[in-house]
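Analysis of the macromolecular model
What follows is the residue order along each chain.
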Amino acid sequence: MDMLGDLESLQFEYGIQEEDRSWLYLQGRSRGLMIKACAHATFFCKLLCNLRESFHEKQTSSCPLTGLLTGIPDDDELKVGIIGGGHLGKQLARVLLQLVPIPAENLRISTRRPEALDEFQKLGIQCFYHNPYLVDWANVLFLCCLPSQLPNICLEIQTRLEKGCIVYSFVAAVPIARLKLLLNHTNILRPQYQCVEDFVNIWGANKDITAALQDPVILQATCPYSPAGGIILNIKWLEGVLYAVLNICTARDMPHLQALQLLNELLLSVHFEDCEKDGASCPKFQLHDFVSQIYSKNLSQQRPFPWFDLTAVQLKETPFSQHLSASTALQDHLTYRYCDSFGISLPQEQQPGVSTGSASQ
């Protein structure tokens with residue numbers, strides 16, 4: 001038992017003058033942004049891990065000599081690199097290690113002060129200061145640096161980025177169009193968050209981020225369509241995630257029908273209690289949800305999807321934008337899948353039939 005946990009004199013608010021207490025909401029907002037950012041990155045990495053497991057299962061089932069397969073090829077493993085070992089970088093590393101979970105040998109951190117990451121090195125995580133080396137190894141790269149550091153980092157790594165490497169930026173001050181130019185790269189995800197003025201602070205103060213994301217109330221507040229806690233995710237991030245999965249399938253030269261089947265298995269295979277038993281009434285991804293009608297008519301069955309510019313997906317209207325905004329059933333199922341990936345279920349009142357309100361705006 002923590003005997004000092006509730007001691008008033010040790011609380012953050014203690015000693016703050018009454019006239020300055022109106023600014024305390026910024027602490028809750030900052031913590032909420034951190035929790036949401038880590039939750040969405042965790043969901044993305046969980047999705048990629050499941051995708052690679054599906055690849056491996058299909059490869060194993062199609063190979064008659066399954067006994068010769070000793071494991072997933074190195075190129076198929078999710079290898080996550082983090083540039084930046086500050087507060088965000090460390091919190092993200094802890095969450096990915098514990099909640100995805102990513103094995104320590106598949107996570108590396110490049111930071112100007114690797115000696116400050118002793119806790120991670122003891123776990124077997126390689127920590128160093130060599131951004132190009134990290135980029136050569138990783139297939140998912142998180143940017144957790146300061147905006148002032150980003151131009152030099154991009155200059156260091158832009159010629160080392162493979163086409164299929166997904167860059168996931170937390171540098172809010174640098175727009176995605178600018179990041180595309182700095183990196184000369186299109187496979188980029190950048191979540192955007194909008195903060196509202198009046199909100200109820202549900203984010204807590206004493207739990208670390210990993211513990212917070214195991215609290216059902218907090219976890220539900222991180223759902224893509226949830227405005228709870230005063231922080232709203234721009235839903236274009238979710239579009240980017242789905243198109244990123246399709247790019248991974250395209251890189252493997254997977255026929256588009258197989259890619260769609262895989263996407264349905266990953267995201268739409270978990271159903272509500274009220275869904276029909278056979279799932280016939282549930283939404284399914286179709287080819288025309290992701291490409292234009294004209295393009296879909298001319299795409300032969302064995303052809304993969306085209307390579308998508310993820311920056312354009314997040315900046316412009318896409319066929320999927322229109323489909324997602326028009327289908328509350330799809331929104332509900334994606335929300336349910338999000339919660340299920342963290343091991344929690346939506347309360348009955350939040351299951352289909354309840355409006356998602358203005359959170360998707």
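Up top is the structure.
This report concerns the structure included in the present document. All figures in this text were calculated on a predicted structure; none of them were measured in a lab.

Scanning the chain from terminus to terminus reveals 14 helices and eight strands. For the chain, contacts bridging at least 24 residues in sequence account for 73% of all contacts bridging at least 6. Carbon and sulfur atoms make up 51% of the accessible area of the chain, which amounts to about 18000 Å² in all.

Attention now goes to the layout of surface pockets. The calculated volume of the largest pocket comes to roughly 900 Å³. When residues of the lining of the largest pocket are assigned to their parent elements, the largest contribution, four residues, is made by helix 1 (residues 25-62). Tallied by class, residues from the lining of the largest pocket come to 21 nonpolar, 13 polar and five charged.

Here we take up empty space enclosed by the protein. In this structure the tally under the stated criterion is three cavities of 30 Å³ or more. Put simply, the largest cavity is a space of about 50 Å³. In terms of lining, the largest cavity is formed by Ile176, Arg190, Gln192, Asn234, Lys236, Trp237 and Gln314. In terms of residue class, the lining of the largest cavity is built from two nonpolar, three polar and two charged.

This part is about helix 14 (residues 328-341). The end-to-end C-alpha distance of helix 14, which contains 14 residues, comes to 20 Å, matching closely the 20 Å that a straight helix rising 1.5 Å per residue would cover. Of all 14 residues in helix 14, 11 are buried; the element is thus mostly enclosed. Note on helix 14: the residue one or two positions beyond its end, Gly343, has a positive phi of about 85°.

Turning our eyes to something else, we now look at the pairing of strand 2 (residues 107-110). Covered by surrounding structure in strand 2 are Leu107 and Ile109 together with Arg108 and Ser110, the residues of both alternating faces. Where strand 1 (residues 80-83) lies against strand 2, four bridges are found, and the strand directions are parallel. Residue pairing for strand 2: Gly81 is matched across the bridge by Arg108. Tracing the backbone out of strand 1, into helix 2 (residues 87-99) and back to the parallel element strand 2 gives a crossover that is right-handed.

This part is about the nonpolar core. By size, the foremost hydrophobic cluster in this structure holds 86 residues, and its most contacted members are Phe142, Leu267, Phe285 and Phe290. Here the element with the most residues in this core is helix 1; it accounts for 13 residues. Split by domain, this core shows at least three residues from each of two domains, domain 1 (27-54 + 75-234) and domain 2 (238-350). Residues within four places of Leu267 in sequence aside, it is in contact with Phe43, Leu47, Leu242, Phe285, His333, Leu334 and Arg337. Counting residues in hydrophobic clusters, the runner-up holds 23 residues, among them Phe128, Val135, Trp137 and Ile153.

Let's shift gears to the packing of helix 9 (residues 236-251) against helix 13 (residues 319-326). Interaxial distance between helix 9 and helix 13 falls to 11 Å at its minimum, and their mutual angle equals 125°. The angle between the axes of helix 9 and helix 13 places the two elements in the oblique class. Note on packing geometry: the crossing formed by helix 9 with helix 13 is right-handed. In this structure, helix 9 uses Lys236, Leu238, Glu239, Leu242 and Tyr243 to contact helix 13, whose residues at the interface are Pro319, Phe320, Ser321 and Leu324.

So, about the pattern of salt bridges. Between side chains of opposite charge, pairing is possible as soon as their charged atoms come close. Enumeration over the complete set of coordinates arrives at seven salt bridges. The shortest N-O distance in the salt bridge between Lys122 and Asp118 comes to 3.2 Å. Lys122 gets classed as exposed once you look at its relative accessible area, which sits at 67%. Residues Lys236 and Glu239 are paired through a salt bridge, measuring 3.1 Å at the closest nitrogen-oxygen approach. You can see Lys236 and its partner Glu239 sitting in helix 9, three residues apart, about one turn around the helix.

Another aspect to go through is helix 5 (residues 150-157). Listed as buried for helix 5 are Leu150, Ile153, Cys154 and Ile157. Taken end-on, helix 5 shows its buried residues confined to a sector of 100°, consistent with a single buried face. Facing away from the buried side of helix 5 by more than 90 degrees, the exposed set consists of Asn152 and Leu155.

The subject of this paragraph is the side chain of Asn247. Mapped onto the fold, Asn247 is located in helix 9. There is a polar contact of 3.2 Å between the side chain of Asn247 and the side chain of Asn187.

Turning to its location among the elements, Tyr225 is positioned in the loop between helix 8 (216-221) and strand 8 (231-233). Residue classification places Tyr225 among the buried residues on the basis of a relative accessible area of 6%. For the pair Tyr225 and Thr335, spaced 110 residues apart in the sequence, the C-alpha separation amounts to 7.4 Å.

About the criteria used
Residues numbered from 1 in each chain as written. Predicted model: local features only at pLDDT ≥ 70, side-chain atom pairs only at ≥ 80, totals over all residues. Heavy atoms only, no water. Helix = DSSP H or I, 4+ residues; strand = E, 2+ residues; numbered from the N terminus. Contact = heavy atoms within 4.5 Å. Areas by Shrake-Rupley, 256 points an atom, 1.4 Å probe, with all protein chains shown as cover. 1 Å grid on protein atoms, 1.4 Å probe; cavity = no way out; pocket = protein on both sides within 12 Å on 5 of 7 lines; lining within 4 Å. Points joined across faces, edges and corners; volume = space filled by probe spheres on them. Nonpolar A, V, L, I, M, F, W, Y, C, P; charged D, E, K, R; others polar. Expected span 1.5 Å × (residues − 1). Buried < 20%, exposed > 50% of the residue type's maximum accessible area, 1.4 Å probe, protein only. Pairing = 2+ DSSP bridges. Right-handed = clockwise from strand over helix to strand, strands pointing away. Core = buried A, V, L, I, M, F, W, Y, C linked by side-chain atoms within 4.5 Å. Domains from an automatic or database assignment. Axes fitted to C-alpha atoms, helices over the stretch in contact; angles between N-to-C directions. Parallel < 35°, antiparallel > 145°, perpendicular 65-115°, else oblique. Left-handed = near helix turned anticlockwise from the far one by under 90°. Salt bridge = Lys/Arg side-chain N within 4 Å of Asp/Glu carboxyl O. Arc of directions from axis to C-beta. Polar contact = N/O pair within 3.5 Å; in protein donor to acceptor, adjacent residues only side chain to side chain.

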